[in-house]
There are 2 protein chains.
Amino acid sequence: MWAEIPKFPEFSEISEIPKISCDPGNPEGAYRVKNLTQSRSEFAELLGRTAQAFGLTPSVGQIYGLLYLSAQPLSLDEIAESLDLSKASASIGARQLEALHAVQVSSKDSDRRDYWEARLEPQEVLQKMMSSVLMPRLTNAHNRLEGLLERMEAEKNSGELSGPEFTVCQQRIQQLITKTDHFKTWLPLIERLVK
Amino acid sequence: MWAEIPKFPEFSEISEIPKISCDPGNPEGAYRVKNLTQSRSEFAELLGRTAQAFGLTPSVGQIYGLLYLSAQPLSLDEIAESLDLSKASASIGARQLEALHAVQVSSKDSDRRDYWEARLEPQEVLQKMMSSVLMPRLTNAHNRLEGLLERMEAEKNSGELSGPEFTVCQQRIQQLITKTDHFKTWLPLIERLVK
DNA sequence: AGCTGCGTTAAGATTTTTCTAAACCAAATT
DNA sequence: AATTTGGTTTAGAAAAATCTTAACGCAGCT
């Protein structure tokens, strides 16, 4: 009414992938990494933000970014050093990426260290995330909605929920269940398209 | 090597939509809402978690959930009261939902209050999010990657980056740009499928 | 003009997430 | 057997996100 265009910080900058803050003595976060050229560290930072958009932690994205632009596989210590992360974070992040099929570990005979290397098909990572994250969640949502319907019926019978209100709720939840199922049907096709 | 199946809490429970914690005196978060039947508050809670998965705040999802199962439009105070939120959060959340075309405001002549009502086509919300969030981000990513390529060339020329390494980086970033563009092409189609 | 009630804004508190330091375990080496 | 080294786990620190309190501005009413 009185503000023509209400300001919502999240939406005004929505095309910006969310920022990773950095220590105050070093305002340009991108440059805090050691050992890397500026553009490489920028890339890692970009992937860090992108990872957040997918519900992963920034460090996971940074690690993938580092490996993606690395000509050779890197050890945990090299990863931690390059990105200025603790070894613990590097380890956890790398293992998560492995679970997503985004990276590969290998070991040299001469060396006890693990060496990490990016898989170069990010589409497959996306696909993996869809099938291993999105799909189970949809199933879970479906089940919870079904359960909800039952409990609502009970509430109607006990009088907590009036008849007309129950009808509204029932219809709408049913609609949601239907849509969820549709989406589950389309998902595999979308996976292929993305690829 | 030594741990057959490494445990990653995030992945073992990945089908569970992330929890919203609640105050310790009241371990079952779902029941902390006032004024609502159990199943309705559960639904709001479910949508709260879902919102988080989309990068929105829980309160935004809860508000949408509340309105979605409400037979009449609700005022800000009713929203805040029902979900046990501050009026400020209710206001901000409702406006965000409006920006996403997920809800509608209206006002009665007799009453200065705004009344909020869910739009019942959640697919359109999804579509709106894709076009207003995903698409700009893809464009943004494309631009940053292009810029990166240029700066890398500079780094090669200044000797910071060796020839072979530059080649690897260039190829891989180029591949990423191509994929990004592909995805931008497919996105409108996917939007339709989802609908 | 002064009140009142509604929605918004801004600063700061709270909660949640993410990361780190340090202890720990297993294998390889001495 | 003791030591070293690489990776993992865990408890708690640090950072980021979300929410709340309180102040504000505007409109309609008395």
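Residues numbered from 1 in each chain as written. Chains lettered and ligands numbered in written order. Predicted model: local features only at pLDDT ≥ 70, side-chain atom pairs only at ≥ 80, totals over all residues. Heavy atoms only, no water.

Just to check I follow, could you spell out the overall build of chain A for this structure?
A count of helices and strands for chain A gives seven helices and three strands. Taken from N to C terminus, the helices and strands of chain A fall in the order α-α-α-β-α-α-β-β-α-α. Within chain A, the proportion of its 195 residues that are buried is 44%. In chain A, the proportion of contacts linking residues at least 24 apart, taken out of those at least 6 apart, comes to 56%. (Helix = DSSP H or I, 4+ residues; strand = E, 2+ residues; numbered from the N terminus. Buried < 20%, exposed > 50% of the residue type's maximum accessible area, 1.4 Å probe, protein only. Contact = heavy atoms within 4.5 Å.)

Even after reading the chapter, I still don't get the sheet that holds strand 1 (residues 74-75) of chain B, so can you show me in this structure?
Where strands meet in a sheet, backbone hydrogen bonds hold them as pairs that are either parallel or antiparallel. Residue and element names in this part refer to chain B. The sheet built from three strands is open, its strands ordered 1-3-2 with antiparallel pairing. Two strands in the sheet have a free side with no partner beyond their single neighbour: strand 1 and strand 2 (103-107). Pairing geometry for strand 1 and strand 3 (residues 114-118), over two bridges, is antiparallel. Across the sheet, residue Ser75 finds its bridge partner in strand 3, namely Tyr115. This element, helix 5 (residues 87-99), spans strand 2 and strand 3 of the sheet and lies at about 115° to strand 2. (Pairing = 2+ DSSP bridges. Axes fitted to C-alpha atoms, helices over the stretch in contact; angles between N-to-C directions.)

Got a minute to help me understand the relation of the copies chain B and chain A in this structure?
The two chain copies are related to each other by a rotation about an axis together with a translation along it. Least-squares fitting of chain B to chain A yields an RMSD of 0.0 Å, with the superposition described by an axial translation of 0.0 Å and a rotation of 180°. Both chain copies can therefore be described as sitting about a two-fold axis. Proximity to the rotation axis, assessed at the C-alpha, singles out Ile190 of chain B in chain B; its C-alpha lies 3.4 Å from the axis. A shared binding surface is used by both copies, with 98% of the interface residues of chain B retained as interface residues in chain A. (Least-squares fit on C-alpha atoms with pLDDT ≥ 70 in both.)

Explain the packing of aromatic side chains here, please?
Geometry of an aromatic ring pair is reported as the spacing of the ring centres plus the angle between the planes. Residue and element names in this part refer to chain A. In total, this model carries four aromatic pairs over all chains according to the counting rule given. Through a chain of ring-to-ring contacts, three or more aromatic side chains come together here, namely Phe43, Tyr64 and Tyr68. Positioned above the aromatic ring of Tyr115 is the side chain of Lys108, whose terminal nitrogen or guanidinium carbon lies 4.1 Å from the ring centre. (Phe/Tyr/Trp six-rings, centres within 6.5 Å; stacked < 30°, edge-to-face > 60°. Lys NZ or Arg CZ within 6 Å of the ring centre and 35° of its normal.)

Just checking my understanding: could you explain the side chain of Thr37 of chain A for this structure?
By secondary structure assignment, the location of Thr37 of chain A is in the loop between helix 1 (9-12) and helix 2 (38-53). Residue Thr37 of chain A is classed as buried on the basis of its relative accessible area of 9%. Among all residues touching Thr37 of chain A, those that are not within four sequence positions of it are Glu155, Glu160 and Leu161 of chain B.

Looking at this structure, how should I read the pairing of strand 3 of chain B?
One face of the sheet, then the other: side chains in a regular strand alternate in exactly this way. Residues and elements named next belong to chain B. Bridging between strand 2 and strand 3 involves five bridges; their strand directions are antiparallel. Within the sheet, the bridge partner assigned to Val105 lies in strand 3 and is Trp116. Here strand 2 folds back onto strand 3 in antiparallel fashion, the turn holding six residues.

Mind showing me how you'd approach the sheet that holds strand 2 (residues 103-107) of chain A here?
Residue and element names in this part refer to chain A. Sheet architecture is open: three strands sit in the order 1-3-2, paired in antiparallel fashion. Looking at the sheet topology across the chains shown, the edges are occupied by strand 1 (74-75) and strand 2. Across the sheet, helix 3 (residues 58-68) lies against strand 1, strand 2 and strand 3 (114-118), angled at about 85° from strand 3, the strand it touches most. Against the sheet, helix 5 (residues 87-99) touches strand 2 and strand 3, its axis set at about 115° to strand 2.

What am I meant to see in the interface of chain B and chain A here?
Bring the parts together and some accessible area is lost; that lost area is often taken as the interface size. Contacts between the two partners involve 61 residues from chain B, matched on the other side by 60 residues from chain A. Counting the contacts that link chain B with chain A gives six salt bridges. Its salt-bridge partner being Glu42 of chain A, residue Arg151 of chain B comes within 2.5 Å of it at the nearest N-O pair. Taken together, the connections running from chain B to chain A amount to 18 residue pairs in polar contact (both at pLDDT 80 or more). When contributions to the side of chain B that touches chain A are tallied by element, the ones reaching two or more residues are helix 1 (9-12), helix 2 (38-53), helix 3 (58-68), helix 5, helix 6 (122-157) and helix 7 (163-194) of chain B. The residue makeup of the side of chain B that touches chain A, split by class, is 34 nonpolar, eleven polar and 16 charged. (Salt bridge = Lys/Arg side-chain N within 4 Å of Asp/Glu carboxyl O. Polar contact = N/O pair within 3.5 Å; in protein donor to acceptor, adjacent residues only side chain to side chain. Nonpolar A, V, L, I, M, F, W, Y, C, P; charged D, E, K, R; others polar.)

Please explain the environment of Glu191 of chain A as it appears in this structure.
Tracing the backbone through its elements, the reader meets Glu191 of chain A in helix 7 (residues 163-194). Distance in space between the C-alpha atoms of Glu191 of chain A and Leu126 of chain A is 8.0 Å, their sequence separation being 65 residues.

Got a minute to help me understand the packing of helix 3 of chain A against helix 5 of chain A in this structure?
What describes two packed helices is the angle between their axes and the distance between those same axes. Residues and elements named next belong to chain A. Contact pair helix 3 / helix 5: the axes reach a minimum separation of 9 Å and the direction vectors enclose 75°. Our classification of the angle between helix 3 and helix 5 gives roughly perpendicular. Residues Val60, Ile63 and Tyr64 of helix 3 pack against Ser89, Ala90, Gly93, Ala94, Gln96 and Leu97 of helix 5. Across the contact of helix 3 with helix 5, the residue classes break down as six nonpolar, three polar and no charged. (Parallel < 35°, antiparallel > 145°, perpendicular 65-115°, else oblique.)

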